[in-house]
Amino acid sequence: MSISKIIKYMLLTILSIVSTLVLIGILIINFYPSFGAKPSGERLEKIKTLKTYKDDNFVNLSPVKLEFSFSDYKKMISKMLKGNPNGRPANNVPVQRWSKEEVENIADSTSSAIWYGHSSFYLKMNNKNILLDPMFGEYPAPLPYLTGKRYYNSDSIPIAIEDLPEIDLIVYSHDHYDHLDYPTVLKLKNKAKHFLVPMGLGSHLEGWGVPSEKITELYWDEETNIDGIRFVCTPSQHFSGRGLSDRAKTLWCSWVIEGKNKIYFSGDSGYFDGFKKIGDEHGPFDLCLMECGQYDSLWSDIHMFPEETVQAHIDLKGKTLIPIHWGAFTLANHEWYNSADRVLAASLKHGIDIKTPRIGEEILIGKDQKFDHWWKTVQ
C-alpha cells in the first residue's frame, strides 16, 4: 500500500471516530434523562410573558458576565492544569449520622436544620419536614467522573433517604447539577408531597416522573403559603442550564421562608443590590443560609467572595449566618477550606453571629449554640 493511501486511510479512520463520538455526544445530550427537559407548551408561553425573559432566555436584574473570552479560557485552563494540592481535604470530612429513630425524635416544638454539606438542608419547621436543594449524589454532573467526587460517600450522608420521614416539601433554587440532582429526585419523588421551584424548573421534574399537581412554580417576588409556612421567591444573581443549549431557560432564585422563624436561603448568587431590597422588604431574618464557596475572579458576577457573603448578610438584616456552598464538592480552584476561613474572619470583623456546624450537626434556629471550627483539623 502506498504512503498516500495509508495517510488517506488514517484520515478516514480519524474522521469516522470523531463523527462517532460527536453522534454519541448528541444522543446523550438529547436523550439521557439527567439533562432534563426545556420548558415547552403552556409553561413556555407563560414564561414568555415575564419581564426578565428576553430573547428566549431569563436575564438578571443587572447586566452579568456569563460568556468567557479567549483570555478567560486561557486563565481557566492554566488554573485547571496547575491544580491545587489543597483543593480537596486530605483527611475524611467528619459527618454526624442520624438513625431513623433519632430523626423521628427531633422536637416538633423547635425549628431546626441539618446541613448535608454544600447547599442541601433538612429543615424542620412548624412540625413540617422540608428539604432545601437536596443533592445526595456522588458527582455534581450529568455523568460520573466529569467532576470531582463528593468528599464523603453518598451512603455516608447525615440522614439516608430511607431514614427520612415523609417530606412535606422539597424546595429548589435552580437547576444546576450541584443543586438539582436527577438520581436524588428519582429516590425522593414518591416520598415528597410537594415541590416548590422557580419558574420553568418544573419541566425537569415532570420529565423525571413528578406529577404536575405536586409542583408549584413561582416567579421573582411571587409567594405562596404551604402548610402554614410562607415562601417568597426572591431574586438572585446567577444563571441556569444543564446542557449545551439550555443556558438560562429556567429561572434561578433565593427563598424567604417564614414560619415559626424566618429564614433566608440564598441559593447561588453573586453580590448585588437585591440583597438590600430583600432585607428591607422581608427582613430581619433569624437565620441566613448564604453561599460562600466556589468563587473565582472569572465568575465573580455569579458567585460571591466570602467577604461579600458577610456584606449580603448585613444587607439582609440577618441575625445568624451559616455559610453554605462548600464542604462537599470542589468546583473552583481555591483551597477547599479557604471559604470557611475567610467568611469566619469577615464575620468576626463585623461582629456577625456566625455558626459553622459540622455536616450533620443539628442547628437549633433562634437558640444560642457553639460550633467548633472543625475544618481546621481536617486540612
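Owing to the predicted nature of the structure, the values given are computational and were not obtained by experimental measurement.

## Points about the packing of helix α8 (residues 306-315) against helix α9 (residues 338-350)
Relative to each other, α8 and α9 sit at 45°, their axes nearing to 8 Å. By the criterion of interaxial angle, the relationship of α8 to α9 is oblique. Read as a crossing pair, α8 and α9 show a hand that is right-handed. Contacts between α8 and α9 involve P306, E307, T309, V310 and I314 from the first element and S339, R342, V343, A346, S347 and H350 from the second.

## Notes on the sheet that holds strand β13 (residues 285-291)
The strand order β9-β10-β11-β12-β13-β14-β15 describes an open sheet built from seven strands, whose pairing is mixed. The outermost strands of the open sheet, each flanked by one partner alone, are β9 (223-226) and β15 (353-354). Pairing between strand β12 (residues 262-265) and β13: three bridges, direction parallel. Each bridged residue has a counterpart across the sheet, and for F265 the counterpart in β13 is L289. Relative to the sheet, α8 contacts β13 and β14 (318-324), its axis offset from that of β14 by approximately 150°.

## So, the confidence of the model for the chain
Should the pLDDT be low somewhere, the predicted coordinates at that spot are not to be read in detail. When pLDDT is averaged along the chain, the result is 92, and 92% of the positions lie at 70 or above. Low confidence marks residues 18-29, where pLDDT is under 50. Its contacts with residues over four positions away, or in another chain, come to five contacts.

## Looking at the pattern of salt bridges
The final tally for this structure, using the stated rule, is 18 salt bridges. The shortest N-O distance in the salt bridge between D296 and K79 comes to 2.8 Å. On the criterion of sequence distance, the pair formed by D296 in the loop between β13 and α8 and K79 in helix α3 (residues 70-82) is long-range, its members being 217 residues apart. Judged by relative accessible area, D296 falls into the buried class, the value being 6%. In this structure K79 comes out as partly exposed when scored by relative accessible area, which is 29%. We note a salt bridge from K317 to D280, for which the minimum N-O separation is 3.3 Å. Of this pair, K317 sits in the loop between α8 and β14 while D280 sits in helix α7 (residues 274-282); the two residues are 37 residues apart in sequence, bridging distant segments of the chain. Here the residues in one salt-bridge network are R43, E206 and E217, joined through shared partners.

## Some points on α9
Over its 13 residues, α9 runs 18 Å from end to end, which matches the ideal 18 Å to within 8%, given 1.5 Å per residue. Of the residues making up α9, those classed as buried are N338, S339, A340, V343, L344, A346 and S347. Check the buried side of α9 and you find it contacts α8, β14 and β15. Phi turns positive, to about 70°, at G351, one or two residues after α9.

## Re unusual backbone geometry
Residue P284 is reached from G283 by a cis peptide bond, and omega for that bond is -5°. Although it is not a glycine, H118 adopts a positive phi angle of roughly 55°. Counting through the fold element by element, H118 comes out in the loop between β3 (112-115) and β4 (121-125). One non-glycine residue with positive phi stands out, namely H325, at about 70°.

## Section: the pairing of β4
For β4, a buried count of five out of five residues is recorded, marking the element as mostly surrounded by other parts of the structure. Summarising the sheet, β3 and β4 pair through four bridges and their orientation is antiparallel. Paired with S112 across the bridge in β4 is K124. The hairpin turn running from β3 into β4, its antiparallel successor, is five residues long, and G117 in that turn takes a positive phi close to 95°. Here β4 pairs with strand β5 (residues 128-132) via five bridges, running antiparallel. Note on β5: the bridge partner recorded for K124 is N129. Connecting β4 to the antiparallel partner β5 that follows it, the hairpin turn spans two residues, and N126 within it adopts a positive phi of roughly 55°.

## A closer look at a nonpolar patch on the surface
Taken together, the side chains of Y73, I77 and L81 define a hydrophobic patch exposed on the protein surface, amounting to about 340 Å² of accessible area. Relative to the helices and strands, L81 resides in helix α3. For L81, a relative accessible area of 72% gives the class exposed.

## Notes on the sheet that holds strand β6 (residues 169-171)
Pairing within the open sheet is mixed, and its seven strands lie in the order β8-β7-β6-β5-β4-β3-β16. Only two strands of the sheet have a single neighbouring strand rather than two, namely β8 (215-218) and β16 (362-364). Across the sheet, the mean angle separating the axes of adjacent strands is 20° when strand polarity is ignored.

What counts and how
- Residues numbered from 1 in each chain as written.
- Predicted model: local features only at pLDDT ≥ 70, side-chain atom pairs only at ≥ 80, totals over all residues.
- Heavy atoms only, no water.
- Axes fitted to C-alpha atoms, helices over the stretch in contact; angles between N-to-C directions.
- Helix = DSSP H or I, 4+ residues; strand = E, 2+ residues; numbered from the N terminus.
- Parallel < 35°, antiparallel > 145°, perpendicular 65-115°, else oblique.
- Left-handed = near helix turned anticlockwise from the far one by under 90°.
- Contact = heavy atoms within 4.5 Å.
- Pairing = 2+ DSSP bridges.
- pLDDT = per-residue confidence, 0-100.
- Salt bridge = Lys/Arg side-chain N within 4 Å of Asp/Glu carboxyl O.
- Buried < 20%, exposed > 50% of the residue type's maximum accessible area, 1.4 Å probe, protein only.
- Expected span 1.5 Å × (residues − 1).
- Patch = residues over 30% accessible without salt bridge, like charges linked within 9 Å, V, L, I, M, F, W, Y side chains within 5 Å.
- Areas by Shrake-Rupley, 256 points an atom, 1.4 Å probe, with all protein chains shown as cover.

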